[in-house]
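Listed below are the residues making up each chain.
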Amino acid sequence: MIYPVILSGGSGTRLWPVSRALYPKQLLPMLSERTMLQETALRFPESTGYGPPSVICNSEHRFAVAEQLQGIGARPSAILLEPVGRNSAPAAAVAALHVASVDPEGLVLLLASDHRIERPEAFRTAVETGAVAARAGRLVTFGITPDRPETGYGYIHRNGPLDHMEGCYGIERFVEKPDLETAEAYLAAGDYFWNSGTFLFRARDFLAELARLAPEILDAATAALDKGVSDLDFRRLDAAAFGMAPSISIDYAVMEKTALGAMVPLDAGWSDVGSWSALWAVQEKDADGNAVQGDVWLHKSRNSLVRAESRLVTVIGAKDLVVVESPDAVLVAQMGTDQDVKLAVEALKEAGRPEAISHATTHRPWGSYRNLDSGDGYQVKRITVAPGGRLSLQSHKHRAEHWTVISGEARITRGPSLDRLDVMHLDTDQSIDIPLGWIHRLENPGTEPLIIVEVQSGAYLGEDDIERFDDQYGR
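Not measured: the values here are computed from a predicted model.

Q: Requested: an account of the sheet that holds strand β18 (residues 321-326), with residues and values cited.
A: In spatial order, the strands read β14-β16-β18-β19; together these four strands make up an open sheet with mixed pairing. Two strands bound the open sheet, and with one partner strand each, they are β14 (291-293) and β19 (329-334). Mean inter-strand twist for the sheet, computed between neighbouring axes without regard to direction, equals 5°.

Okay, here's the thing in structure tokens:
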């Protein structure tokens, strides 16, 4: 059986300001009403003969990943939490070890969580083609049939066809991102393909090659899994053990060195959506070549991408422009230079700006909150609690709070100590004070989202001023 394993890492820099480190593009609906993670999970449903999916992700993203999979009815066999990013080779090792523990003969289909596939059925056909080679002991990758001299991708130089494996080819070599002249030569040659970063192999075959070519990765991954701990629906990899793995891609660690490599051409409308111009290329456009999303008004503009997240955006006389508005940041870039967006993010990080890392809206397992206003000694937030959502039972040493219900039904627990807690219900337009140091909890017992406005006041308003006494999410 083939087991999809989705790698959901990434730093969230290339599609900033919509994508950020704490909530990157795979967790966002960039191309449809579903998020990119959900679209990836739906490409290989169990109903078509695939095993249940697994996800390897950052610990910070665990609740969003679990919620999004639940939202499409996917039942993951595991959500494995990386304590630190170590590139794709250690993650692939963990994936192979997990699948081997479930099914010793199982095949691992290693997928990026943030790629676009226009024709999923063609992708599944290519995977079935590659499975013949994978079951024969090959480590299969999928090469994208190029349609232009792309300089932003690595390439795979295809060798001749493999015997008794129709549609599968040997690999001559992997090549780095070329300059334009070299890319044009690759396109003309016809035997060079874009490296998709998608792999298919029998778990035990990959582990055997890893033991031969990069044993330190296998040792670190094995120890990280063995010493890991279960946490609700998640498996936390041991931080010390996983941290011993070198940060290296599966290409460098294994595929460029192995004699077992094979490639299957893939023509399924693939894009890694690695920049705003790449997103523009795959979106629907108006008669003037503009891709528009949100509350946008254009005049005498063409071949531009304009995206509004929270307010009206007007663009006049633009050509080949990227304009992306979010609640707390705006990006304006010339089309084709947007690969440099990561330089802006790096500069913001160095300056200590929160916009580099997080959105104005912060997601939590119970819902989300958005900062509305702040100043000396006060902060105002809009808090949304999902139906059935329940914040931790907590207290703060440095701030008091005032809650006003905007919509929905609130169940509130509060009191000066654990043995003197009262429970009360608030409806729309009702409010309550949470004095400094009091223990409290906010819950949504209703079937609709609960929205409250919270006004904090005190000497220190940081998110780390919290003592938890009970938390259903294990934080």
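Q: Give me the lowdown on the environment of Asn290, citing residues and values where you can.
A: In this structure, Asn290 sits in the loop between α10 (276-282) and β14. When its relative accessible area of 3% is taken as the criterion, Asn290 is described as buried. On a C-alpha basis, the gap between Asn290 and Asp103 in space is 48 Å, while along the polypeptide they are 187 residues apart. Ignoring sequence-local partners within four residues, the contact set of Asn290 consists of Glu284, Lys285, Leu298, Ser301, Arg302, Asn303 and Ser304. A polar contact is formed between the side chain of Asn290 and the backbone nitrogen of Ser304, at a distance of 3.0 Å.

Q: Quick rundown of the sheet that holds strand β27 (residues 431-434)? Include the residues and the values.
A: The strand order β20-β21-β22-β29-β24-β27 describes an open sheet built from six strands, whose pairing is antiparallel. Only two strands of the sheet have a single partner each, and these edge strands are β20 (361-364) and β27. Adjacent strand axes in the sheet meet at a mean angle of 20° when their direction is disregarded. The sheet contact formed by strand β21 (residues 367-375) and strand β22 (residues 378-385) spans eight bridges and is antiparallel. Residue pairing for β22: Tyr369 is matched across the bridge by Ile383.

Q: Which residues make up the side chain of Arg307, and what are the values?
A: For Arg307, the location among the structural elements is in strand β16 (residues 305-308). Within the structure, Arg307 has its side chain in polar contact with the side chain of Glu309 (distance 2.7 Å). Among residues more than four places away in sequence, those in contact with Arg307 are Val18, Pro29, Met30, Trp276, Leu279, Gln293, Val323, Val324 and Glu325.

Q: Got a sec to walk through the pairing of strand β29 (residues 450-458)? Specific residues and values, please.
A: One ladder, built from eight bridges, connects β22 with β29; its direction is antiparallel. By the bridge assignment, Tyr378 is partnered in β29 with Ser457. In this sheet, β29 lies alongside strand β24 (residues 399-407) in antiparallel orientation, the contact comprising eight bridges. Each residue of the ladder has a partner; that of Glu401, found in β29, is Gln456.

Q: Kindly report on the nonpolar core, identifying the contributing residues and their values.
A: Formed by 83 residues in total, the largest nonpolar core has its most connected members in Val127, Phe142, Leu200, Trp276 and Leu442. When residues of this core are assigned to their parent elements, the largest contribution, six residues, is made by helix α4 (residues 120-135). Each residue touching Leu200, except ones within four places of it in the same chain, is listed here: Ile2, Leu107, Val108, Leu109, Val127, Gly130, Ala131, Ala134, Arg138, Leu139, Val140 and Phe142. With 43 residues, the next largest nonpolar core counts Ala92, Val94, Val108 and Ala221 among its residues.

Q: Tell me about the pattern of salt bridges, residues and numbers included.
A: Following the criterion strictly, the structure yields 24 salt bridges and no others. In this structure, the salt-bridge partner of Arg202 is Glu105, at a minimum N-O distance of 3.6 Å. Taken together, the positions of Arg202 in strand β9 (residues 192-202) and Glu105 in the loop between α3 (88-102) and β4 (107-112) put the pair 97 residues apart, joining distant regions of the chain. Judged by its relative accessible area of 11%, Arg202 is buried. On the accessibility criterion, Glu105 (41% relative accessible area) is partly exposed. The partner of Glu325 in a salt bridge is Arg311, and the shortest N-O contact between them spans 2.8 Å. A residue pair is termed long-range when its members are at least 10 positions apart, and Glu325 in strand β18 and Arg311 in the loop between β16 and β17 (313-316) qualify at 14 residues. A residue is classified by how much of its surface remains accessible, and Arg311, at 44% relative accessible area, is partly exposed. Among the ionic contacts, a cluster of salt bridges with common partners joins Arg390, Arg411, Arg441, Glu443 and Asp470.

Rules used throughout
Residues numbered from 1 in each chain as written. Predicted model: local features only at pLDDT ≥ 70, side-chain atom pairs only at ≥ 80, totals over all residues. Heavy atoms only, no water. Pairing = 2+ DSSP bridges. Helix = DSSP H or I, 4+ residues; strand = E, 2+ residues; numbered from the N terminus. Axes fitted to C-alpha atoms, helices over the stretch in contact; angles between N-to-C directions. Buried < 20%, exposed > 50% of the residue type's maximum accessible area, 1.4 Å probe, protein only. Contact = heavy atoms within 4.5 Å. Polar contact = N/O pair within 3.5 Å; in protein donor to acceptor, adjacent residues only side chain to side chain. Core = buried A, V, L, I, M, F, W, Y, C linked by side-chain atoms within 4.5 Å. Salt bridge = Lys/Arg side-chain N within 4 Å of Asp/Glu carboxyl O.

In short, geometric facts, not functional conclusions.
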